[in-house]
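Coordinate inspection notes
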Amino acid sequence: ITGHPMESTSLEILKLGVKGLEANPAHQFLPDQKMTRAEFALIVQDIVVKVTKDKSLETRFFGQPSPFPDVNASVWYYNAARTVISRGLMQAGNKANGNFEPLAPVSGADALLTVRTLKEILRQYLR
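Heads up: these notes are all about the structure in this document. Predicted model only: the values in this text are computed from it and were never measured. Position numbers for residues start from 1 in each chain and track the written sequence from start to end. Whole-chain, interface and lining totals are the exception, using all residues; otherwise, since this is a predicted model, local features are given only for residues with pLDDT of at least 70 and side-chain atom pairs are given and counted only at 80 or more. Side-chain calculation: all heavy atoms of the structure are included, whereas hydrogens and water are not.

1. Examining the layout of surface pockets
- Approximately 550 Å³ is the volume attributed to the largest pocket.
- Whether a set of points on the 1 Å grid over the protein atoms alone is a cavity depends on a 1.4 Å probe fitting there but being unable to get out, while an open set qualifies as a pocket with protein on both sides within 12 Å along at least five of seven lines; lining residues are those with an atom within 4 Å of a point. What lines the largest pocket is a set of 21 residues, among which Gly-20, Leu-21, Phe-29, Leu-30 and Met-35 lie closest to the centre.
- Secondary-structure elements contributing two or more residues to the lining of the largest pocket are helix H1 (7–16) and helix H2 (37–52).
- Ranked by residue count, the leading element in the lining of the largest pocket is H1, at three residues.
- Of the volumes computed, that of the second largest pocket is approximately 210 Å³.
- Think of it this way: any DSSP run of H or I at least four residues long counts as a helix, any run of E at least two long counts as a strand, and we number them from the N terminus. Every element with two or more residues in the lining of the second largest pocket is listed here: H2 and helix H4 (108–122).
- The biggest single contributor to the lining of the second largest pocket is H4, with five residues.
- Basically, the charged four are Asp, Glu, Lys and Arg, the nonpolar ten are Ala, Val, Leu, Ile, Met, Phe, Trp, Tyr, Cys and Pro, and anything else, Gly included, counts as polar. By residue class, the composition of the lining of the second largest pocket is 10 nonpolar, two polar and one charged. Grid points are joined across faces, edges and corners, and a volume is the space filled by probe spheres set on the points.

Structure representation (structure tokens):
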């Protein structure tokens, strides 16, 4: 991130320690790369866990069958996908077939809607 226009912001983000917003195994932080719906779900879930201080949310859906035709219950983002959908923070990527569409990029509009909804839900914890 050295020399990137968002260098100082990126460093602040890394300090927060939010899952999904850390450097990759090669120690790279790629702020210009598109984010998938799976990655975004993990980030949103971790913010909810941190604000509510409810670590049980990270594993709440383990052992349950997946309601999404395109998400196996054993993948790394399964619990996050279930968490954000069950709390109304994200919608299915394809409402017609119920697919979560984890590898699709999260759109700016969907991200803004999620952040606005998250803000409303978490407002009670931040007083």
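Back to the write-up after that little detour.
2. Considering the side chain of His-4
- For His-4, the position within the fold is in the segment before H1.
- For His-4, a relative accessible area of 18% puts it in the buried group.
- Should any heavy atoms of two residues lie within 4.5 Å, those residues are counted as being in contact. Not counting chain neighbours up to four residues away, the residues in contact with His-4 comprise Pro-31 and Asp-32. We call a residue buried when its accessible area falls under 20% of the maximum for its residue type, exposed when it is over 50%, and partly exposed in between, using a 1.4 Å probe and counting protein chains only.

These figures come from the coordinates and say nothing about function on their own.
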